[in-house]
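Structural overview
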Amino acid sequence: MKTVITYGTFDLLHYGHVRLLKRAKALGDYLIVGLSTDEFNSMKKHKESYNDYAERKYILEAIKYVDKVIPEKDWNQKIADVKKYHVDTFVMGSDWEGQFDFLKPYCKVVYLPRTPGISTSKIKEDLR
Ligand code: C2G
């Protein structure tokens, strides 16, 4: 079984997120999502999500590409997660290109092209 992992806030879930999850799952058989907790968002990522962790987790678990959701509490948990879950491939959108190459000794690192024209901040702006 090939395990893939990705991380994010996934707030106001949109098709850019779902396209990322679909392509990530296609790289293996089992997809784990490290979902940023509310504390991690506000303390370390300096962003507040509209939906809280429980709501974002509920939505992600309803997506057929997602097999498991774990909390992302810290920037420094990825190596431990890769080891703990025997991850074969780490995936992130291309806005993170190169930022996680430190994982290369532990697993494959894949940056997938971001979906243009959609983002949570754009949705919020458009709705304003
Ligand atoms: N994404 C995408 N296309 C978009 C918007 C987002 O492919 N139009 C991808 C991002 O590149 C990321 C994932 O969807 O891989 C989740 O996006 P965010 O929730 O914005 O993730 P982010 O806040 O960047 O958190 O430790 C990593 C961080 O937790 C990533």
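Refer to the structure printed above.
Presented here is an overview of the structure given in this document. Note that the coordinates shown come from a computational prediction; the quantities given were computed from them, not determined experimentally.

We now examine unusual backbone geometry. Positive phi outside glycine occurs at Leu12, with the angle close to 50 degrees. Within the element layout of this structure, Leu12 appears in the loop between β1 (3-8) and α1 (15-25). If you check the backbone angles, His86 has positive phi at about 50 degrees while not being a glycine. Assignment of secondary structure puts His86 in the loop between α4 (78-84) and β4 (89-93).

This part is about the layout of surface pockets. The computed volume of the largest pocket comes to approximately 640 Å³. Contributing to the lining of the largest pocket are 31 residues, with His17, Lys47, Asp95, Trp96 and Arg114 lying nearest its centre. Contributions of two or more residues to the lining of the largest pocket are made by β1, α1, β4 and α5 (120-127). Ranked by the residues each element gives to the lining of the largest pocket, the list is headed by α1, at 4 residues. Here the residues of the lining of the largest pocket sort into 9 nonpolar, 12 polar and 10 charged.

Cut-off values and rules
Residues numbered from 1 in each chain as written. Predicted model: local features only at pLDDT ≥ 70, side-chain atom pairs only at ≥ 80, totals over all residues. Heavy atoms only, no water. Helix = DSSP H or I, 4+ residues; strand = E, 2+ residues; numbered from the N terminus. 1 Å grid on protein atoms, 1.4 Å probe; cavity = no way out; pocket = protein on both sides within 12 Å on 5 of 7 lines; lining within 4 Å. Points joined across faces, edges and corners; volume = space filled by probe spheres on them. Nonpolar A, V, L, I, M, F, W, Y, C, P; charged D, E, K, R; others polar.

So far we have only geometry, and geometry alone does not tell us how the molecule works.
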